[in-house]
Amino acid sequence: MYAKVIVDVPAKQTNRAFDYEVPSSLSKWVEVGSRVGVPFGPRVLQGFVVELQEETQVDAKRIKPIQNVLDLVPPLTSELVSLGRWISRMYMCHEVTALQAMLPAALKAKYERVIIVGDESEEQSFLDMPDIEAIISFVKSKESVSMDVLLERFSKEGALIKELLSSGRLTEVQLVKDRMNTKKALTVFPPAGGRGLEEALSELPARANKQKDVLRYLIEHPHAIRLTELMETIEVGASTVKSLADRGWIELREVEVMRDPYMGRAFERTKPLTLTEEQSGVFAPIRDAVAEDRHEVFLLHGVTGSGKTEVYLQSIQQCLDMDKEAIVLVPEISLTPQMVERFKGRFGDLVAVLHSRLSNGERYDEWRKITRKQVKVVIGARSAIFAPFTNIGLIIIDEEHESSYKQEESPKYHTRDVAVQRAKQQDAVVVLGSATPSLESMEKTRRRRDRPKPPFTLLTMKERVASRPMPPVTIVDMREELKTGNRSMFSRSLYKAIEERLHKKEQTVLLLNRRGYATFVMCRTCGFVSQCPHCDISLTYHQSSHALRCHYCGYAEREVKECPSCQSEHIRHFGTGTQRVEEELSKIFPGIRVIRMDVDTTTEKGSHEKWLTMFREKQADVLLGTQMVAKGLDFPDVTLVGVIAADTVLNIPDFRSAERTFQLLTQVAGRAGRHEKQGEVFVQTYTPEHYSVQYASHHDYIAFANHEMDIRANLGYPPYQRLILITFSHEQVPLLVRMAEAFVTRLKEIALPYTRQQVDLFSEAVSMDSSFHFDVLGPVASPISRIKDRYRFQCVVKYRGEDLAAEIVGKTVAWFEERSAKEKLLVSVDVDPQYLM
Ligand SMILES: Nc1ncnc2c1ncn2[C@@H]1O[C@H](COP(=O)(O)OP(=O)(O)OP(=O)(O)O)[C@@H](O)[C@H]1O
Ligand SMILES: [Zn+2]
Ligand SMILES: [Zn+2]
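Just so it is clear, the model here is predicted, and its values are computed rather than measured.

On to the UniProt feature "binding site: Zn(2+) 2" (unreviewed entry) in the protein chain. Following the UniProt record, one finds the feature "binding site: Zn(2+) 2" (unreviewed entry) at Cys532, Cys535, Cys550 and Cys553. Despite a sequence span of 22 residues, these residues sit close together in the fold, their greatest C-alpha distance being 8.7 Å. Its place among the elements puts Cys535 in the loop between strand S21 (520–523) and strand S22 (540–542). Taking the relative accessible area as the measure of exposure, Cys535 reaches 1% and is therefore buried. For Cys535, the contacting residues outside a window of four places in its chain are Cys550, Tyr552, Cys553, Arg786, Ile787 and Lys788. When you line up the elements, Cys550 lands in the loop between strand S23 (547–549) and strand S24 (556–558). With residues near it in sequence (within four places) discarded, Cys550 still touches Cys532, Cys535, Ile537, Leu539 and Tyr555.

One pass over the full model with this rule turns up 35 salt bridges. Close ionic contact of Arg492 with Glu481 constitutes a salt bridge, the shortest N to O distance being 3.1 Å. Of this pair, Arg492 sits in helix H18 (residues 492–504) while Glu481 sits in helix H17 (residues 478–483); the two residues are 11 residues apart in sequence, bridging distant segments of the chain. Under the relative-accessibility criterion, Arg492 is labelled partly exposed at 47%. We classify Glu481 as buried; its relative accessible area is 5%. The network of salt bridges with shared partners includes Glu500, Arg501, Lys504 and Glu680.

Residues in contact with ligand 1 amount to 19 residues; listed here are only the nearest, Thr274, Gln279, Lys308, Asp634 and Arg674. Separating an oxygen atom of ligand 1 from a side-chain N or O atom of Thr309 is a distance of 2.9 Å. A total of 640 Å² of accessible area belongs to ligand 1 in isolation, and the protein chains cover 83% of it. With three residues, the top contributor of residues to the shell around ligand 1 is helix H12 (residues 308–321).

Once that is clear, we can look at the sheet that holds strand S28 (residues 638–643). Taken in spatial order, the six strands line up as S19-S29-S28-S20-S27-S26 in an open sheet, and their pairing is parallel. Looking at strand neighbours, the two that pair on one side only are strand S19 (473–477) and strand S26 (594–597), the edges of this open sheet. With direction set aside, neighbouring strand axes in the sheet form an average angle of 15°. Bridge count for strand S20 (residues 507–511) against strand S27 (residues 622–625) is four bridges, and the pairing is parallel. Across the sheet, residue Val509 finds its bridge partner in S27, namely Leu623. Sitting on the sheet, helix H20 (residues 607–616) is in contact with S20, S26, S27 and S28, with an inclination near 150° to S26.

Attention now moves to the packing of aromatic side chains. Geometry of an aromatic ring pair is reported as the spacing of the ring centres plus the angle between the planes. Taken as a whole, this structure holds 15 aromatic pairs when the rule is applied. Consider the rings of Phe655 and Tyr717, whose centres lie 4.5 Å apart with planes at 5°: the pair is stacked. Of the two residues, Phe655 sits in the loop between helix H21 (647–650) and helix H22 (657–669) while Tyr717 sits in the loop between helix H24 (701–715) and strand S30 (722–730), which places them 62 residues apart along the sequence. On the basis of an interplanar angle of 50° and a centroid distance of 6.2 Å, the ring pair of Phe662 and Tyr701 is categorised as tilted.

The next subject is the pairing of strand S1 (residues 2–7). Two strands pair when backbone bridges link them, and S1 and strand S4 (residues 43–53) are joined in this way by six bridges, in the antiparallel orientation. For Val5, the partnering residue across the bridge sits in S4 and is Val49. Pairing between S1 and strand S2 (residues 18–21): four bridges, direction antiparallel. The residue bridging Lys4 from the neighbouring strand is Asp19, located in S2.

Cis geometry marks the peptide bond from Ser410 to Pro411, where omega comes out at -5°. With respect to the helices, strands and loops of the structure, Pro411 is situated in the loop between strand S16 (392–398) and helix H15 (415–425). Residue Pro719 is reached from Pro718 by a cis peptide bond, and omega for that bond is 10°. One non-glycine residue with positive phi stands out, namely Ala466, at about 60°. Tracing the chain through its elements places Ala466 in the loop between strand S18 (456–461) and S19. Positioned with a positive phi, Lys788 is a non-glycine residue whose angle comes to about 50°. With respect to the helices, strands and loops of the structure, Lys788 is situated in the loop between strand S31 (773–787) and strand S32 (790–800).

With 112 residues, the main nonpolar core has Ile87, Phe728 and Phe774 as its most contacted residues. Per-element tally for this core: the top contributor is helix H25 (residues 733–763), with 10 residues. Beyond its immediate stretch of four places on either side in the chain, Phe728 contacts Leu736, Ala740, Phe743, Tyr791, Arg792, Phe793, Gln794, Cys795, Phe816, Leu825, Leu826 and Val827. Of all hydrophobic cores here, the second largest spans 30 residues; its members include Phe298, Val311, Phe343 and Leu394.

Moving on: the side chain of Arg712. Within the secondary structure, Arg712 sits in helix H24. Under the relative-accessibility criterion, Arg712 is labelled buried at 1%. What Arg712 contacts, discounting residues up to four positions off in sequence, is Leu439, Phe655, Arg656, Glu659, Tyr717, Pro718, Pro719 and Tyr720.

Turning to the confidence of the model for the protein chain, a few remarks are in order. Summing up the model confidence of the protein chain, the mean pLDDT is 84 and the portion of residues at 70 or higher is 90%. Predicted confidence for residues 762–769 stays below pLDDT 50, and this span has seven contacts to residues more than four positions away or in other chains.

Glancing now at helix H10 (residues 238–246). Each α-helix winds once per 3.6 residues, and so residues spaced three or four apart point in a common direction. Buried residues of H10: Thr240, Val241, Leu244 and Ala245, and no others. One side of H10 holds all its buried residues, which, seen down the axis, span an arc of 140°. Exposed and oriented more than 90 degrees from the buried face of H10 are Ser239 and Asp246. Gly248 sits one or two residues past H10 and shows a positive phi near 85°.

Taken together, the side chains of Arg524, Arg572, Arg580 and Lys587 present a region of like positive charge at the surface. Considering the arrangement of structural elements, one finds Lys587 in helix H19 (residues 578–588). Residue classification places Lys587 among the exposed positions, given a relative accessible area of 67%.

The strand order across the open sheet formed by four strands is S31-S32-S30-S33, and the pairing between neighbours is antiparallel. Looking at which strands have only one partner, the edges of the open sheet turn out to be S31 and strand S33 (826–831). Each strand of the sheet is rotated relative to its neighbour by a mean of 20°, with strand direction disregarded. Of the strand pairs in this sheet, S30 and S33 are connected by six bridges, and their pairing is antiparallel. Across the sheet, the residue bridging to Ile726 is Val829, located in S33. Relative to S30, helix H26 (residues 804–822) is tilted by about 5°, and along the sheet it contacts S30, S31, S32 and S33.

Cut-offs applied
Residues numbered from 1 in each chain as written. Chains lettered and ligands numbered in written order. Predicted model: local features only at pLDDT ≥ 70, side-chain atom pairs only at ≥ 80, totals over all residues. Heavy atoms only, no water. UniProt positions renumbered as here; feature names shortened; annotations may be inferred. Helix = DSSP H or I, 4+ residues; strand = E, 2+ residues; numbered from the N terminus. Buried < 20%, exposed > 50% of the residue type's maximum accessible area, 1.4 Å probe, protein only. Contact = heavy atoms within 4.5 Å. Salt bridge = Lys/Arg side-chain N within 4 Å of Asp/Glu carboxyl O. Near = heavy atom within 4 Å. Polar contact = N/O pair within 3.5 Å; in protein donor to acceptor, adjacent residues only side chain to side chain. Areas by Shrake-Rupley, 256 points an atom, 1.4 Å probe, with all protein chains shown as cover. Pairing = 2+ DSSP bridges. Axes fitted to C-alpha atoms, helices over the stretch in contact; angles between N-to-C directions. Phe/Tyr/Trp six-rings, centres within 6.5 Å; stacked < 30°, edge-to-face > 60°. Core = buried A, V, L, I, M, F, W, Y, C linked by side-chain atoms within 4.5 Å. pLDDT = per-residue confidence, 0-100. Arc of directions from axis to C-beta. Patch = residues over 30% accessible without salt bridge, like charges linked within 9 Å, V, L, I, M, F, W, Y side chains within 5 Å. Lys, Arg positive; Asp, Glu negative; His and termini not counted. Charge placed at Lys NZ, Arg CZ, Asp CG, Glu CD.

What follows is the structure, given as C-alpha cells:
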C-alpha cells in the first residue's frame, strides 16, 4: 500500500503530496488524516496522509517507507483533509498550513535530535577502552538519548563523544515528536477486591502505624486513587505508600489524567424554557432541517435580548436527539464563563470548551475528548470549527458579523465560509445569529434574478423576550457641549444620568472604542508626535509602565519629559484612553467604584472572568471598557449605557467603518434594560447626523442595511463585489514599487483571457449577474506604510461572478514568487480582507 503525504514545510516546492510506501508493520495504523514521520532528503519530517492507494507512479527503487505513525487515532478525519484542500485553494495558502491550523498547538511537530548507536562493525577495535564501552552501553540501554543528557552523564568525555560521532560509532538522527505530552499522575492501585490486604496488615510490625492507615483505607475503599489525594485524605507521606508498593502489596504507577479547566465547578442544570411565539417561529424551520438531515444555512436576525441563545440550545437538543454532534462558535471575547455556563448548564459533560485562554495542555485535553467521542457539543472561538467530529448535525455561529471570525494570519480563512463549506460536506445545518448581521450574509438571503432560491434563509425576531422595550437612545452632540463651555469628556446629560444611577444604586456600562483612539504623545509647542522608529505609526502611551509602545512591533521607549525636537517641556499624552476616562470619573464622582476592562487589565489569565463577576456582584458602579463590554453581557441592574465617543470608528478610512459603527452602537445599547428595569442609552458624538448613528439610535437594522447596501453597490464593494488584498513589503521603496508594478501588469495580462471568455459567453445571452468582472486597483502605498522597517505597498482586486479570481491571482503569485524571493520581497494575499490596511 502507498500513501500520499503532505510534508510539514510550507514552501512552494513542497506544496504537493509525495508518495511513500506503507510498511506492512504500520498498515493497521496509517489512515487518511494520520500524522506520520517520513524521510525527506537528509531529514525526517512530519507529514499528513491525505490519500491511500494500491499503486504508485513513482519508481519502486526510489520510493521510501513511512518511518513512524505519531498517533494511534488520526488527529484529522478524511473530511477535514478535504476541507484543508478547499481552504488552501480558496485562501491561497499551502495545504499543510491549512491542515496545521486544524490541530491544537500541542500537536505541532517538534523535531528532536538524538544520539543512537551507529555502526557496530568496528566494535572490536575499541574494546580495550572502558570509557567507550560505558558510553556505548549507556546509549544502548536508553535506545536513544539527547546530546544534553549524554554530555551531562559523561561530562568529562566531550572529546571522546565527538570522536565516536565522527567515526560513526554513534550517530545523530532526527526524530519527530509531539510538542506536548499527556499529563500523568501517580496512582495507587490496591489488588482487585482488596485481596491480601488483611494479611499484609497483620504482617506489619505494630509501630508501622502510617502504613497500616494506608492499608485500612484501601480495604475500605478498594479502588484506584490518585497518590496525592490519598496522601491528603489520610495524611501520610509518599514514602509510606511507596514502601507498601515495594513490598508488592499494592501497585503504584503513572496513569494519564485529563486537565479539565472547569473541574470541580458545579453547573446548575437548566431545563428548556417555554419558547415565546417569535422563538417558536424561528425554531421550527431549524428543528425541521436538523431532523431531516438537510443542509441549509439560516441567518437568524434577532434584536438584542430577543433570546437567541435559547433557540441555539433547543436546536442543539434536537441535534443530540438525532445522535449527532454540534459546534457552537462565539467570538473570543464573548466566550465568558457565563456563556459557557449556559451551555454546560444545559448539556453538562457532553460539552467541551475550546478557547485561547486555556493552556496548551488544557486545550489538548478538551480536544481529545472530541476525538474520543466523550463529548457531543463543542463551544469555542474561531478554530473550534475544526473540531474533529465525524457526524455533525448543526453548526452555530453567534455574533456572525464579528470581524474576529476572519483569521488574520495564514491561512486567512473566514470562519463563516469555512463553516458553510464544512456543513455542506456533512449535510449539516448552519445557524448564523446576530442582532446586526453582516451585509455579506444579509445579501445572501435576498432573491436575485439569477438566483430564485437565495443561498441563506432569513429568520427574524423583532422583539425582546417578554415584550421588554428596547432602550431609548439619546444622541448627544458634543460640538454643542463645547460651545456651551463644557470641555469635559462627559456631556451634561450623561453626567446627570450617571449621577442618577449612583443614587438609585443601579449600574452603568461605559464604552470607549480604543481602536484609532489610542493615547499618543504630542508636543504642544511644535506639534512633534512620538513615532515608532520602525513603523509608520505613532507610539501609544501606557500609564502603568510610563512607557511608549508600538502596537505593531512591540518597540518601547521611556516617557519623555522634554520634546526631542524643540526641547519644550510642554510635551504630554493626548487622546482619551480608558485610563483617562477612569481618572476623570473619579474626579467628578468622588468615591465612584469603576471596573476598567481593556487590553491592559485583561492580559492575566482569568482576569476577564474576575472583573465580570465583580461587576455582576455589584462591587462596582461602572463597567468601563473597550469593545469587550459591548458583547453578550446580560446583567439585570445595568440600566444605563454611555458611549463616550461614537466617531472613533467612523474616522478610520475603511469602507466598513459605517457598518462597524452601527454594529458597535447597537450591541452596546443592547446591554441596557434587559430585565425588569427599564434602561436608557446616551451616545456622544461629533457627527450626530451620520446615518449609522441615526439608524442605531432608532434600533433600525433593516433601514441601515438598505442604505448601506446602496452605497456598496454604487462603489462596487462587498457584498456586491469581492476583494482580494495583495500586500508587498521590502526595505527599499524603489525596488518595492518596481516589483509591485510588475506584479500588477502581469496580473492584468493573466486575467485578460478570462474576462474575454466571459464577454464571449455574455454575447451568447448569459445574464448580467453571472458575468465575470475583474478589476485591479493600485499599486499604492498601504495606509500603514511601514511595519518593522519594511515599507508596504498594496493592490486590491475587485471581482464579481465565478471563483476565477483566486485562480488568476494564484497563477500570478506563482509566476512572481521566484523573482520576489530573490529580492527578499514578501507578498501576502488576503482573500475577503476585513481591513484594507
Ligand atoms: N423563552 C424565554 N422565556 C423566558 N426568558 C427567556 C426566554 N428566552 C430567553 N430568555 C431570557 O431573555 C434574556 C435575553 O436572552 P439572550 O441573552 O439569549 O438574548 P440574545 O438574543 O442572545 O441577545 P444578545 O444579542 O444581546 O446577546 C436572557 O436573560 C434569557 O434568559
Ligand atoms: Zn516640540
Ligand atoms: Zn513599531
